[in-house]
Amino acid sequence: MRPSQQMRDVGVVQYGAPVLHAPARPFTLPGEREAIDTVVGQLLDAMERIRRAHDFSGKGLGLAAPQIGIGRSAAVVQPPGSDPTLNGSGGGTRRRPSA
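Draft legend 1. Region of interest: the pairing of strand β2 (residues 74–78). Among the five residues in β2, four count as buried, and that is most of the element. Note that strand β1 (residues 61–64) and β2 share four bridges and pair antiparallel. Its bridge partner lying in β2, Leu63 is registered against Val76.

Draft legend 2. The arrangement of the packing of aromatic side chains in detail. Within the structure shown, the criterion is met by zero aromatic pairs. In this structure, Arg72 is placed above the aromatic ring of Phe27, and the distance from its NZ or CZ to the ring centre is 3.9 Å.

Draft legend 3. Structural view of the confidence of the model for the protein chain. Summary statistics for the protein chain give a mean pLDDT of 84 and a share of 88% for residues scoring 70 or more. Note that residues 91–99 has pLDDT below 50 and, in this model, 19 contacts with residues that lie over four places away or in other chains.

Cut-off values and rules
- Residues numbered from 1 in each chain as written.
- Predicted model: local features only at pLDDT ≥ 70, side-chain atom pairs only at ≥ 80, totals over all residues.
- Heavy atoms only, no water.
- Buried < 20%, exposed > 50% of the residue type's maximum accessible area, 1.4 Å probe, protein only.
- Helix = DSSP H or I, 4+ residues; strand = E, 2+ residues; numbered from the N terminus.
- Pairing = 2+ DSSP bridges.
- Phe/Tyr/Trp six-rings, centres within 6.5 Å; stacked < 30°, edge-to-face > 60°.
- Lys NZ or Arg CZ within 6 Å of the ring centre and 35° of its normal.
- pLDDT = per-residue confidence, 0-100.
- Contact = heavy atoms within 4.5 Å.

Structure, rendered in structure tokens:
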């Protein structure tokens, strides 16, 4: 199976999708705290699906909300050997608490 098909199967939006061409909308805090928490949860869930589909051992992984079809300004980055770091407009940067 082609890598692009694997990513499509786990919910990653493909090249040419309108959400990838539109500016991502920032969050306004504190009013959208629940919305940003929901989007970050969706990003973390998507990262887990991606890890199951592809071996990222020794590599970092990053995912932005538009890549999973959400037109908001948020991203999760996980450098090799580290916990995910959450980045979002209005939310700053923070580390995900260890489970």
